[in-house]
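Next come the chains, spelled out residue by residue.
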Amino acid sequence: MGLRRTSWVQLYALCRRAPLSTAPAAREQPAAGPGAEPVCGPGETARPPVPAVDFGNTQEAYRSRRSWELARSLLVLSLCASPALLARHEQLLHLARKLLGQRLFNTLMKMTFYGQFVAGEDQESIRPLIQHNKAFGVGSILDYGVEEDLTPEEAERTEMESCSSALERDGRGVSKREKQFQAHRAFRDRRDGVTRARTYFCASEAKCDSHMETFLRCIEASGGASEDGFSAIKLTALGRPQFLLQFSDVLTKWRRFFHHVAAEQGKAGLAAVDTKLEVAALQESVVKMGIASRAEIEDWFTAETLGESGTLDLLDWCSLIDSRTELSRQLAVPNTQTGRLEPLLSQFTEEEERQMARVLQRVGVLAEKASQAGVRLMVDAEQTYFQPAISRLTLETQRRFNTERPLVFNTFQCYLRDAYDNVSLDVELARREGWCFGAKLVRGAYMAQERARALEVGYEDPINPTYEATSAVYHRCLDYVLEELKHNARAAVMVASHNEGTVRFTLRRMEELGLHPADRQVYFGQLLGMCDQISFPLGQAGFPVYKYVPYGPVMEVLPYLSRRALENSGVMKGAQRERQLLWQELKRRLCTGSLFHQPA
Ligand SMILES: Cc1cc2nc3c(=O)[nH]c(=O)nc-3n(C[C@H](O)[C@H](O)[C@H](O)COP(=O)(O)OP(=O)(O)OC[C@H]3O[C@@H](n4cnc5c(N)ncnc54)[C@H](O)[C@@H]3O)c2cc1C
């Protein structure tokens, strides 16, 4: 066990050279898949006028659905709206299983919750649904929805072990990580308070490898099921949480240091993308903190790194930190309170360093596979204490694979206070470095858990104070990205929301900016079983729209399903309207004698 001195640049280089065994031969330039976005810019060909989208016309919205499917949706969504039922749903499921036996229970689930939210058990059985939706203009983002059904005790043990380093566990190293980036016993079961997401507990490298194999099969299935599909992955499934926590802490502290110096220079409160530091003063702070010596610093800030301006922004700063600091120094981070550089952890083992390289390798393997299968990869956003690392690793993969078109999409959660900075910095970086920006914008699925954790552990709540603030940030971020799309035909965004107002906002801005649906730069995304009244009118009008399509055996997707039910209970603003529209359409069919409607 020794102190390692590898730089991130070397680490990434190592990953490129040494793909995991399942990886096909390395290929830096991904081939455009069958569903590739046209590289021509908007306005080059004559296009049909964009049809108006009517979200209130239930006859059109539910054209693809039989009446019994509408009745099932109404039943399931109404059950989800009952707080009493939701509070006891786990006990009720358990009881039903005991009374009915496994086979009858499976049948009951397939007729109700599972049938509503899950596409099928495996790659074969989901094909008809995927093809059916496709025929009505709605694509699929495959999401293998299996998670480990651990008991709370097992989840706690696994989480506490996998969130601390070898040295922390055996008591030889004291963690200097901030409270936000340490494992906390009260929040050891990450599934608590999560409404949408699957949860992974990556206890060992073998487990991470097996998750990667699962994702590879999912990418294959996406490629086989449709010509322009997406596949969703989660990075917490591919690396030990302890690494993601440490890396997130490091990234956050370096970023905070930049803002600290900005405040010293009287530039607090500006958007990150607009904050430019005077280099002379920055050099002083860097030397004062012992980050580099005066001699070294001369080397850092050359005319090449600074350009003409003599100032430096956050992106310049991050790339300097990446290229100039050794890994062991990266893990020594500036403490802006004491004004000194502190080791994050007194020692970092060789094995732990290898773990970092392996996460990058695994993501690389998946991106290679996606590129070959003509499938785009969507990296889900997760909890704030993992997210800086997830975003950084995704960014590295985008640099490598988004050379011709956006193959890898990062996810930005707009309920976060720093969402606008995160989005605008990535857009700017892609612009500067010349790779294709690809992003999914969501509001965020972990609100209750994030708030409770911040309160209990004692750090600032990372979530916007109100729903209205989250919506305002969402629209601000979206607007920024749409402006970029107007000038850059190789960038793309997915508006992943069930919110009719947000979808209408997007359609209006697309029209104003001249972004045509045929350019396939703006995608829409909803979850399977939710808000068909938004997805199908969009698809039928020619807008690229996708459903997140989970699949997996009944018992294995149950934990995921039960949280999906929770989402419909209170967090979703449009849940009640959806039930009204379903009821309206059922009544219409009854009155017009079209109850036996056959989707054609
Ligand atoms: C295709 C797709 C992919 C997704 N992928 C991810 C992902 O990778 N990561 C992820 O975290 N989520 C993901 N989600 C879930 C998403 O973040 C939301 O939880 C969900 O879509 C509900 O938001 P909405 O815009 O659809 O609906 P709305 O009803 O308009 O918004 C509800 C959301 O608003 C926010 N909110 C509600 N109340 C408040 C409040 N008081 N203060 C501040 N904010 C509030 C919360 O984020 C809540 O989920 C995905 C959703 C879709 C459709």
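Structural data are supplied above this passage.
Since the model is a prediction, treat every value here as computed from it, not as a measurement.

What counts and what doesn't
- Residues numbered from 1 in each chain as written.
- Predicted model: local features only at pLDDT ≥ 70, side-chain atom pairs only at ≥ 80, totals over all residues.
- Heavy atoms only, no water.
- Salt bridge = Lys/Arg side-chain N within 4 Å of Asp/Glu carboxyl O.
- Helix = DSSP H or I, 4+ residues; strand = E, 2+ residues; numbered from the N terminus.
- Buried < 20%, exposed > 50% of the residue type's maximum accessible area, 1.4 Å probe, protein only.
- Pairing = 2+ DSSP bridges.
- Core = buried A, V, L, I, M, F, W, Y, C linked by side-chain atoms within 4.5 Å.
- Contact = heavy atoms within 4.5 Å.
- Expected span 1.5 Å × (residues − 1).
- Polar contact = N/O pair within 3.5 Å; in protein donor to acceptor, adjacent residues only side chain to side chain.

Visitor: Which parts of the structure should I look at to understand the pattern of salt bridges?
Guide: Pairs may arise between side chains of opposite charge once their charged atoms sit close together. Enumeration over the complete set of coordinates arrives at 32 salt bridges. A salt bridge links E484 to R431; its shortest N-O distance comes to 2.9 Å. Of this pair, E484 sits in helix α21 (residues 467–487) while R431 sits in helix α19 (residues 419–433), placing them 53 residues apart in sequence. Among the residues examined, R431 registers a relative accessible area of 42% and is labelled partly exposed. Within the structure, one salt-bridge network assembled from shared partners comprises D479, E483, R508, R509 and E512.

Visitor: Can you help me understand the pairing of strand β2 (residues 230–233) in this one?
Guide: Walk down a regular strand and you will see the side chains alternate between the two sheet faces. By the alternation rule, side chains of β2 split into F230 and A232 and S231 and I233, which are all buried. Judged from the two bridges that link them, strand β1 (residues 138–144) and β2 form a sheet pairing that is parallel. Directly across from L142, in β2, lies its bridge partner S231. Sheet topology note: the β2/strand β7 (residues 376–379) ladder contains four bridges and is parallel.

Visitor: Sorry if this is basic, but what is going on with the nonpolar core here?
Guide: Soluble globular proteins tend to pack their nonpolar side chains together in the buried interior. Within the largest apolar cluster, 69 residues are counted, with the highest numbers of intra-cluster contacts made by V522, F524 and L538. The dominant element in this core, judged by the number of residues it contributes, is α21, at eight residues. Dropping the residues within four chain positions of it, V522 is found in contact with L482, L485, V493, V495, T506, M510, L515 and P544. Formed by 36 residues, the second largest nonpolar core is a distinct cluster that contains L70, V76, V554 and L586.

Visitor: Hey, could you run me through unusual backbone geometry in this one?
Guide: Negative phi characterises most residues that are not glycine, and trans characterises most peptide bonds. With a phi close to 50°, R520 is a non-glycine residue in the positive phi region. You can see R520 is positioned in the loop between α22 (500–513) and β11 (522–527). For C531, which is not a glycine, the phi torsion comes out positive at approximately 55°. Take C531: its relative accessible area is 1%, and that puts it in the buried class.

Visitor: Is there a simple way to explain α22 in this structure?
Guide: Two residues of an α-helix separated by three or four positions point the same way, owing to the 3.6 residues in each turn. Spanning 14 residues, α22 covers 20 Å between terminal C-alpha atoms, matching the ideal 20 Å at 1.5 Å per step. All of the buried residues along α22 are E500, T502, V503, F505, T506, L507, R509, M510 and L513. The opening residue of α22 is N499, an N-cap whose side-chain oxygen sits 2.8 Å from the backbone nitrogen of G501. With its phi angle positive at about 75°, G514 sits one or two positions after the end of α22.

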